Structures are given as structure tokens and as C-alpha cells.
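Structural characterization, general
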Amino acid sequence: MKLGVQNFTEWLVRFISIYLFLFWGVLYLEFSLNIEVGPLAFRDILKAVILGAIFGVPLLISTFLKKIRLSLGLACLLVVMSGFYGHMILEKWSFTFLIGCLGHIIGFVYLFKFKILRRKA
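Counting of residues starts from 1 at the beginning of each chain's written sequence and follows it residue by residue. Residues qualify for local features only when their pLDDT is at least 70, as the model is predicted, and side-chain atom pairs are given and counted only at 80 or more; totals for whole chains, interfaces and linings, by contrast, use all residues. Only hydrogens and water are set aside; all other atoms, that is, all heavy atoms of the structure, feed into the side-chain values.

**Observations regarding the packing of aromatic side chains**
How two aromatic rings sit relative to each other is given by the distance of their centres and the angle of their planes. Between the rings of Phe, Tyr and Trp (Trp by its six-membered ring), a pair exists once the centres lie within 6.5 Å; its type follows the angle of the planes, with under 30 degrees stacked, over 60 edge-to-face, and the other angles tilted. On inspection of all chains with the given rule, the structure shows 12 aromatic pairs. Here Phe23 and Trp24 contribute two aromatic rings whose centre-to-centre distance is 5.4 Å and whose plane-to-plane angle is 80°, an arrangement assigned as edge-to-face. Where Trp24 meets Phe55, the ring centres are 4.4 Å apart and the plane angle is 20°; that geometry is what we call stacked. With Trp24 in helix 1 (residues 5-35) and Phe55 in helix 2 (residues 42-62), this residue pair connects regions lying 31 residues apart in the sequence. Here a helix means four or more residues in a row that DSSP labels H or I, a strand means two or more in a row labelled E, and each is numbered from the N terminus.

**Here's the deal with the environment of Glu30**
Looking at the secondary structure, you find Glu30 in helix 1. Put simply, Glu30 and Ala48 are 18 residues apart on the chain and 9.6 Å apart in space, counted from C-alpha to C-alpha.

**As for the packing of helix 2 against helix 4 (residues 95-116)**
Between helix 2 and helix 4, the shortest axis-to-axis distance is 9 Å and the interhelical angle comes to 25°. As judged from the angle between their axes, helix 2 and helix 4 are roughly parallel. Helix 4 is crossed by helix 2, and the crossing has left-handed handedness. Between helix 2 and helix 4, the contacting residues are Phe55, Leu59 and Ser62 on the first element and Gly103, His104, Gly107, Tyr110, Leu111 and Lys115 on the second. For this classification, the nonpolar set comprises Ala, Val, Leu, Ile, Met, Phe, Trp, Tyr, Cys and Pro, the charged set comprises Asp, Glu, Lys and Arg, and every other residue, Gly included, is treated as polar. By residue class, the composition of the contact of helix 2 with helix 4 is four nonpolar, four polar and one charged. Inter-axis angles, ranging from 0 to 180 degrees, are taken between N-to-C directions of lines fitted to C-alpha atoms, where helices are fitted over the stretch in contact. Any angle between 65 and 115 degrees counts as roughly perpendicular, while under 35 counts as roughly parallel, over 145 as roughly antiparallel, and the rest as oblique. Handedness of each helix crossing follows the sense of rotation of the near helix against the far helix: counterclockwise by less than a right angle gives left-handed, clockwise gives right-handed. Should any heavy atoms of two residues lie within 4.5 Å, those residues are considered in contact.

**Observations concerning the nonpolar core**
Core analysis: the largest hydrophobic core is formed by 18 residues, its most contacted members being Leu20, Trp24, Leu59 and Tyr85. Where this core is concerned, the elements lending two or more residues are helix 1, helix 2, helix 3 (68-91) and helix 4. Among the elements that make up this core, the one with the highest residue count is helix 3 (six residues). In contact with Leu59, not counting residues within four places along its chain, are Val13, Ile16, Ser17, Leu20, Leu78, Gly103, His104 and Gly107. Throughout this description, the term nonpolar core refers to a set of buried Ala, Val, Leu, Ile, Met, Phe, Trp, Tyr and Cys residues connected via side-chain atoms within 4.5 Å. Exposed residues in this analysis have more than 50% of their type's maximum accessible area, buried residues have under 20%, and partly exposed residues fall in between, with area computed by a 1.4 Å probe over protein chains only.

**A look at the side chain of Thr9**
With respect to the secondary-structure elements, Thr9 resides in helix 1. Overall, the relative accessible area of 13% leaves Thr9 in the buried class.

Here it is as C-alpha cells:
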């Protein structure tokens, strides 16, 4: 089975989105464990899931969209998020911020090339 550029990019974007979702969720849970005296409450776990979703789900959604209008809105969000990660890299360099920035840029290129312009590789 030959893995095309479109399929490879799609799965790369999905793996990066899962990584970012888990990173931000676990980071918040670690922060909560450091400031909590007892066990974590349900609201802390819910906040971790929401925080992870904010940073990981837009990339995941970009691989499933079919409508052009939604794709254009999501493309704008991906540009904003890549700017966010770029700013974070300038403030404090981290491998995760680099993955986030590159992942959002790759996600934007994938969304624009394969979903908005509908080109096949």
C-alpha cells in the first residue's frame, strides 16, 4: 500500500493534535496537583480536558472538514495558533512549542492545499 503525501500529512497532523491535547491536559493536571492539598476534583480534570481541547482539537478537526466556509474559518484559527506558538517560542524555547508551531503550520498548509483548493497529491 502506497502512502501518499496527503495521507501522510493527514496522519501527521492528527498525531500532533493528539500530542498537544495530551501535553496541555497533563500540564494542567500537574499544575493542579502542585497546588491542591487533597485528590483532584472532577472540575480539575474537566479543566484539563478543556485546555487540551483548545490547543489540540482545531488541528484534528482540520483533517475531517469538508465544507469550504468552515475550512476558511479554521484556517484563520490555525494561523492565530501558529502565531501563538511562535510567540511562545520567542518567550521560552520548548520542544513542545516548536512542535505546536510547526504542526499548526503544516495543518494550515494541509487544509489550504487539500481541503480548500481540493488538490490531490
